Amino acid sequence: MNNFTITIKTQFGLEPVLAEELKALGVSEVEILNRAVQFTGNQELLYKCNLHLRTALRVLKPMVTFQANNERQLYERVRDIRWSEFLTPGHTFAIDGTSNSEIFKHSKFIALKTKDAIADQFRDRYGKRPSVDTRDPDLRINLHIYDRTCTLSLDSSGQHLDRRGYRLSRTEAPINEVLAAGIILMTGWDGSEDFIDPMCGSGTFAIEAALLARRMPPGRGRSFIFEKWRDFDAALWKKIRLEAEEQIQPFEGNIFARDLDKPSLDMARQNAERAGVADLIDFKQEDFLKSESANNNGIIVINPPYGERLEVEDLKEFYGEIGTRLKHHYPGHDAWIISSDIPALKFVGLRPSRKVQLYNGSLECRLHKFELYRGSKKGGGE
Ligand SMILES: C[S@@+](CC[C@H](N)C(=O)[O-])C[C@H]1O[C@@H](n2cnc3c(N)ncnc32)[C@H](O)[C@@H]1O
């Protein structure tokens, strides 16, 4: 099988977690980039990455890198590529453009130029051109410009990989699936201790934890655009999917999903059913501020409401009460709190042992870890 470069996009802060995930797929040499990682692989690995990686957003296969000093040069270089290897006039395509450049400032415009170059090549050669479909194209092309360096890649994923296919219903402020999985992997949870999401909303953390615990591939319930590629190897893909099904394990541990709000909890349960993990999660309507721990240890992940999206009367008091409840009622646990309300996190009133900068979509967040010791041991409180 031919080797080629594979670039995987992820969210800011999750690059090292993604590199660790790749190790489990047998990739030892990974270059960590900004919101991406890169390595050498083959078609089999490309398919596996789409199916298995929990913290990947898109799996790209770079085709060509060139320098361009202006839009005309960009247009001409794109037009030089033999697009008939990938497309016919009857196909549809879409371009995603990202740019970090003084020359090419508008990513929408560079995507438009690229689209024109491809369409013009077909019109000149065949008198017909493939049409654009931004929602469900046959071929998705990614153009990335850094300064004058332009890289064109084939996007093998299609829809972003955080679209696992299980979440049709969303609460007001859902956490992105890729971010949720990344946080769970960061906590080091291995299924032997309790996993607790006391403010579960649409259930993302609990569902991702259950998928992880059973080694269920996150891409199990969806399709990928590489299945429409001209070189698609259906037999190889079938083999990879079968192997993945055989790796699924039973899980006997505890995953607790709680929320004050009944409709959110119903939504979380429905999402878990769609993901095929509802039987692994213990759902209950409960006020965290009145809750008790079930066991002596566990991993707690809390994504509390925050000012920007949800109305909370007094954020300061609320975050303070979360800290007090953790300290007095969850000794022996590790608590991880993620919030885009960064100032509010200090109202928790406990000393974090770790702080991580992350993004939920475009919202900057902080993830703070609190180690809640028992008895008189230092830490966990101020
Ligand atoms: C930001 S949302 C969580 C979103 C969730 N991570 C998801 O992916 O959908 C915060 C949730 O906290 C819940 N909540 C607020 N106060 C609570 C409390 N005292 N106890 C339990 N849940 C609470 C809200 O009902 C809301 O669903």
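Residues numbered from 1 in each chain as written. Predicted model: local features only at pLDDT ≥ 70, side-chain atom pairs only at ≥ 80, totals over all residues.

Moving on to the packing of helix α2 (residues 43-52) against helix α7 (residues 234-246). Put simply, α2 and α7 touch, their axes get as near as 10 Å, and they point 45° apart. Considering their axes alone, α2 and α7 lie oblique with respect to each other. You can see that α2 and α7 cross each other, and the crossing is right-handed. Here Gln43, Glu44, Tyr47, Lys48, Leu51 and His52 of α2 come into contact with α7, specifically with Leu236, Trp237, Ile240 and Ala244. A breakdown of the residues in the contact of α2 with α7 according to their chemical character gives 6 nonpolar, 2 polar and 2 charged. (Axes fitted to C-alpha atoms, helices over the stretch in contact; angles between N-to-C directions. Helix = DSSP H or I, 4+ residues; strand = E, 2+ residues; numbered from the N terminus. Parallel < 35°, antiparallel > 145°, perpendicular 65-115°, else oblique. Left-handed = near helix turned anticlockwise from the far one by under 90°. Contact = placed C-beta atoms within 7 Å. Nonpolar A, V, L, I, M, F, W, Y, C, P; charged D, E, K, R; others polar.)

For the rest of this paragraph, the subject is the nonpolar core. In terms of nonpolar packing, the biggest core is built from 80 residues, with Leu18, Ile183, Ala206, Ala209, Ala210, Ile255 and Ala335 touching the most fellow members. Among the elements that take part in this core, helix α6 (residues 204-213) stands out by supplying 8 residues, more than any other. The residues that make up this core include at least three from each of domain 1 (4-155) and domain 2 (177-216 + 249-371). In contact with alanine 335, other than residues within four places in its own chain, are Ile300, Ile302, Leu326, Tyr330, Phe370 and Leu372. Counting 18 residues, the second largest nonpolar core, distinct from the first, contains Leu74, Leu87, Ile95 and Leu139. (Core = buried A, V, L, I, M, F, W, Y, C linked by C-beta atoms within 7 Å. Buried ≥ 20, exposed ≤ 12 C-beta atoms within 10 Å, placed from the backbone. Domains from an automatic or database assignment.)

Moving on, we come to the site of the ligand. Around the ligand sit 22 residues in total, of which Met199, Gly201, Ser202, Thr204 and Asp261 are the nearest. When contributions to the shell around the ligand are tallied by element, the ones reaching two or more residues are α6 and β10 (255-259). Residue composition of the shell around the ligand, by class: 12 nonpolar, 6 polar and 4 charged. (Near = placed C-beta within 6 Å.)

Attention shifts here to the sheet that holds strand β7 (residues 139-146). Spatially, 8 strands are ordered β2-β3-β1-β4-β8-β7-β5-β6 in an open sheet, and the strand pairing comes out mixed. Two strands in the sheet have a free side with no partner beyond their single neighbour: β2 (31-33) and β6 (131-132). Relative to β7, strand β5 (residues 92-100) runs parallel, the two being bridged by 8 bridges. When the bridges of β7 are listed, alanine 94 appears paired with arginine 140. Helix α4 (residues 107-126) rests against β5, β6 and β7 of the sheet, and its axis sits at about 140° to β5. (Pairing = 2+ DSSP bridges.)

Turning next to α6. Burial analysis of α6 places 10 of its 10 residues in the buried class, which makes it a mostly covered element. On its buried face, α6 is in contact with α5 (177-187), β9 (194-197), β10, α8 (262-275), β11 (281-285) and β12 (298-302). Remark: arginine 215 follows α6 within two positions and exhibits a positive phi of approximately 60°.

Once that is clear, we can look at the sheet that holds β10. Note: strands within a sheet are paired through backbone hydrogen bonds, in either parallel or antiparallel orientation. If you trace the 7 strands from one edge of the open sheet to the other, you get β11-β10-β9-β12-β13-β15-β14, paired in mixed fashion. Pairing within the sheet leaves two strands with one partner each, and these edge strands are β11 and β14 (354-360). Pairwise comparison of adjacent strand axes, ignoring direction, gives a mean angle of 20° for this sheet. In the sheet, β14 pairs with strand β15 (residues 363-371) via 7 bridges, with the strands oriented antiparallel. Its bridge partner being in β15, tyrosine 359 is matched across the sheet by glutamate 364. Across the face of the sheet, α8 comes into contact with β10 and β11 while running at roughly 165° to β11.

Moving on: the pairing of strand β1 (residues 4-9). With 6 bridges connecting them, β1 and strand β3 (residues 36-41) associate as antiparallel partners. The partner of isoleucine 8 across the bridge, within β3, is valine 37. Here β1 runs beside strand β4 (residues 58-67); their pairing, made up of 3 bridges, is antiparallel. From the neighbouring strand, lysine 9 faces β4, where its bridge partner is arginine 58.

All right, on to the domain arrangement of the protein chain then. When the parts of a complex come together, some accessible area is lost, and that lost area is often used as the size of the interface. According to the domain assignment, the protein chain consists of domain 1 (4-155) and domain 2 (177-216 + 249-371). Contacts between the two partners involve 9 residues from domain 1 and, on the opposite side, 11 residues from domain 2. Residues that form the side of domain 1 that touches domain 2 fall into these classes: 4 nonpolar, 4 polar and 1 charged.

Counting through the fold element by element, serine 99 comes out in strand β5. Along the chain, serine 99 and glutamine 43 lie 56 residues apart, while their C-alpha atoms are 27 Å from each other.

Before going further, it helps to spend a moment on the pairing of β5. The pairing of β5 with β6 spans 2 bridges and is parallel. Looking at the pairing, phenylalanine 93 lines up with valine 132 of β6.

Next up on the list: helix α1 (residues 15-24). Inspection of α1 places Glu15, Val17, Leu18, Ala19, Glu21 and Leu22 among the buried residues, and these make up the whole buried set. Elements in contact with the buried residues of α1: β1, β2, β3 and α5. Phi turns positive one or two residues past the end of α1, at glycine 26, with a value near 95°.

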